[in-house]
Amino acid sequence: MKKQDIRILLVDDEPDILEILKYNLSSEGYQVSTAKNGAEGVAKAKKKKPHLIILDVMMPEMDGIEACEKIRNTEGLEDTLITFLTARGEDYSQVAGFDAGADDYITKPVKPKVLISKIKALLRRLKNEEDATPEIKKVGNIVINREEYKVVNKGEEIILPRKEFELLSLLTSKPDKVFKREVILDKVWGQEVVVGGRTIDVHIRKLREKIGDHHFKTVKGVGYKFVL
């Protein structure tokens, strides 16, 4: 997908923030629209169908958490990328954001160049989803063959037990997306057995040893994500 075809919605109650963000993103070639509160943001999301929504948390009329929940429950917007951009950096605020359905959480202040890089990383998921094949996918130097249950990292084949393979496959399906622990348990273990949170930690530790520690990031109190 070309930059000029990507639609981004900015939702913030501070005019200066909206102006700066719109200028920087428009300069990159994206289609950018804005909203000054959560209620207007939800309305514009339904109308514009953006690929990415950048939300503040503290806003009048409707805060970002509620707006995120409403967007996630709107038909046609379930898979829209959503990131919070806010000065609220507390753990509980981040957990609330991810629980509401956010894909990422960025704290202010952040330099424009850093923010643009983070946004580009988020938008790469659009390309990954378009390019992904059902059985074989390549993520960075890692090739995952679901048909043969085989993983090749930098040309070297790695043997993974089934659950490690499924966990790697899930996390690499959307690089940089934080997968909540309960989602991981449901997707990888399902209703097979009753397992605890430590089970995930053990499997992540093993993947770090086999694939590379730098690829797996822990988001405290939320879950894990795969990074390139």
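That block above? That's the structure.
Residues numbered from 1 in each chain as written. Predicted model: local features only at pLDDT ≥ 70, side-chain atom pairs only at ≥ 80, totals over all residues. Heavy atoms only, no water.

## Examining the pairing of strand 2 (residues 31–35)
One ladder, built from five bridges, connects strand 1 (residues 7–11) with strand 2; its direction is parallel. Within the sheet, the bridge partner assigned to Arg7 lies in strand 2 and is Gln31. For the handedness criterion, the β-α-β arrangement of strand 1, helix 1 (residues 15–27) and strand 2 is classed as right-handed. (Pairing = 2+ DSSP bridges. Helix = DSSP H or I, 4+ residues; strand = E, 2+ residues; numbered from the N terminus. Right-handed = clockwise from strand over helix to strand, strands pointing away.)

## Digging into the layout of surface pockets
Regions of empty space are outlined by a rolling probe, equal in size to a water molecule, passed over the atoms. If you add up the space inside the second largest pocket, you get close to 300 Å³. Arg72, Gly101, Ala102, Asp103 and Lys177 are the residues nearest the centre of the second largest pocket, which is lined by 16 residues in total. Every element with two or more residues in the lining of the second largest pocket is listed here: helix 4 (91–99) and strand 10 (179–180). Per-class residue counts for the lining of the second largest pocket are six nonpolar, two polar and eight charged. (1 Å grid on protein atoms, 1.4 Å probe; cavity = no way out; pocket = protein on both sides within 12 Å on 5 of 7 lines; lining within 4 Å. Points joined across faces, edges and corners; volume = space filled by probe spheres on them. Nonpolar A, V, L, I, M, F, W, Y, C, P; charged D, E, K, R; others polar.)

## Considering the nonpolar core
Counting 24 residues, the largest nonpolar core has Val11, Ile53, Leu55, Ile71 and Phe84 as the members making the most contacts within it. The set of elements that each furnish at least two residues to this core consists of strand 1, helix 2 (38–48), strand 3 (52–55), helix 3 (64–72) and strand 4 (81–86). Considering every element that reaches this core, the biggest residue donor is helix 3, with four residues. Each residue touching Leu55, except ones within four places of it in the same chain, is listed here: Val11, Gly64, Ala67, Cys68, Ile82, Thr83, Phe84 and Leu85. If you look at the next biggest cluster of nonpolar residues, it comprises 22 residues, including Ile144, Val151, Leu171 and Phe179. (Core = buried A, V, L, I, M, F, W, Y, C linked by side-chain atoms within 4.5 Å. Buried < 20%, exposed > 50% of the residue type's maximum accessible area, 1.4 Å probe, protein only. Contact = heavy atoms within 4.5 Å.)

## Examining helix 4
Those residues of helix 4 that sit buried are Ser93, Gly97 and Phe98. Taken end-on, helix 4 shows its buried residues confined to a sector of 135°, consistent with a single buried face. Looking at the packing, one finds that the buried side of helix 4 touches helix 3, strand 4, strand 5 (104–107), strand 10 and strand 11 (216–219). Where helix 4 terminates, the next one or two residues include Gly101, which has phi positive at roughly 115°. (Arc of directions from axis to C-beta.)

## Comments concerning a negative patch on the surface
A cluster of acidic residues, Asp13, Glu14, Asp16 and Glu19, forms a negative patch on the protein surface. Relative to the helices and strands, Glu14 resides in the loop between strand 1 and helix 1. Here Glu14 falls in the partly exposed class, since its relative accessible area comes to 40%. (Patch = residues over 30% accessible without salt bridge, like charges linked within 9 Å, V, L, I, M, F, W, Y side chains within 5 Å. Areas by Shrake-Rupley, 256 points an atom, 1.4 Å probe, with all protein chains shown as cover. Salt bridge = Lys/Arg side-chain N within 4 Å of Asp/Glu carboxyl O. Lys, Arg positive; Asp, Glu negative; His and termini not counted. Charge placed at Lys NZ, Arg CZ, Asp CG, Glu CD.)

Purely geometric numbers; function is a separate question.
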